[in-house]
Amino acid sequence: QVQLVESGGGLVQAGGSLRLSCAASGRTISMYNIGWFRQAPGTERQFVAAISWNGGSTAYADSVKGRFTISRDNAKNTVYLQMNTLKPEDAAVYYCAGDSARWTWRLGYGDYDYWGQGTQVIVSS
């Protein structure tokens, strides 16, 4: 099975940018559709963005459209989330997740089989 490890989180001022990475090991990341989710304290984990196994399809939550970009480099076994124009409400722990049913296109939290440990994003106002 695949192991996913997020990195790139940190502290940034409002209006700034961060790029998160989701690196896979154990199996090639091209076998999975990958999603990014986030969870702030006291809230449920919410969908942020997703990319299909070959990069042909992407999806975004309305709250991040136009500011975040998901991409992947299967040769590097990595998926990225470029986050621009960050807002205080973007602060959360960000998780990447893999859906092994790559021939379907699913965006639900429960649809993803494998999860990373998360990376913290803090946005100061």
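All values reported here derive from a predicted model rather than from experimental measurement. (Residues numbered from 1 in each chain as written. Predicted model: local features only at pLDDT ≥ 70, side-chain atom pairs only at ≥ 80, totals over all residues. Heavy atoms only, no water.)

Moving on, we get to the nonpolar core. Trp36, Val48, Phe68, Val79, Leu81, Met83 and Tyr94 are the most contacted members of the largest nonpolar core, which totals 33 residues. Those elements that place two or more of their residues in this core are β3 (18–25), β4 (33–39), β5 (46–51), β7 (68–73), β8 (78–83), β9 (92–99) and β11 (119–124). Ranked by residues supplied to this core, first place goes to β5 with 5 residues. (Core = buried A, V, L, I, M, F, W, Y, C linked by side-chain atoms within 4.5 Å. Buried < 20%, exposed > 50% of the residue type's maximum accessible area, 1.4 Å probe, protein only. Helix = DSSP H or I, 4+ residues; strand = E, 2+ residues; numbered from the N terminus.)

Phi is positive for asparagine 77, which is not a glycine, with a value near 55°. Positive phi, close to 50°, is recorded for threonine 85, a residue that is not glycine. Take threonine 85: it is sitting in the loop between β8 and β9.

Another point: the packing of aromatic side chains. In total, this model carries 9 aromatic pairs according to the counting rule given. Ring centres of tyrosine 32 and tyrosine 114 lie 5.7 Å apart, and the angle between their planes is 85°; on these two criteria the pair is classed as edge-to-face. Pair noted here: tyrosine 32 is in the loop between β3 and β4 and tyrosine 114 is in strand β10 (residues 114–115), with a separation of 82 residues, a long-range link. Here the aromatic rings of phenylalanine 37 and tryptophan 115 are separated by 5.1 Å at their centres, their planes lie at 50°, and the arrangement is tilted. Residue phenylalanine 37 is located in strand β4, and its partner tryptophan 115 is located in strand β10; the two are separated by 78 residues in the primary sequence. Residue phenylalanine 37 is classed as buried on the basis of its relative accessible area, which comes to 1%. (Phe/Tyr/Trp six-rings, centres within 6.5 Å; stacked < 30°, edge-to-face > 60°.)

Once that is clear, we can look at the side chain of asparagine 33. By the element assignment, asparagine 33 lies in strand β4. Its relative accessible area of 0% is what places asparagine 33 among the buried residues. A polar contact of 3.4 Å, which involves the side chain of asparagine 33, links it to the backbone oxygen of arginine 102. With residues up to four places along the chain from it excluded, the contact list for asparagine 33 reads Ile51, Ser52, Trp53, Arg72, Ala97, Gly98, Asp99, Ala101, Arg102, Thr104, Trp105 and Tyr112. (Polar contact = N/O pair within 3.5 Å; in protein donor to acceptor, adjacent residues only side chain to side chain. Contact = heavy atoms within 4.5 Å.)

In this section: the sheet that holds strand β1 (residues 3–7). The antiparallel open sheet is built from 4 strands, whose spatial order is β1-β3-β8-β7. Lying at the two open borders of the sheet, with one neighbouring strand each, are β1 and β7. Pairs of neighbouring strands in the sheet enclose a mean axial angle of 15°, with direction left out of account. Sheet analysis places β1 next to β3, joined by 5 bridges and oriented antiparallel. (Pairing = 2+ DSSP bridges. Axes fitted to C-alpha atoms, helices over the stretch in contact; angles between N-to-C directions.)

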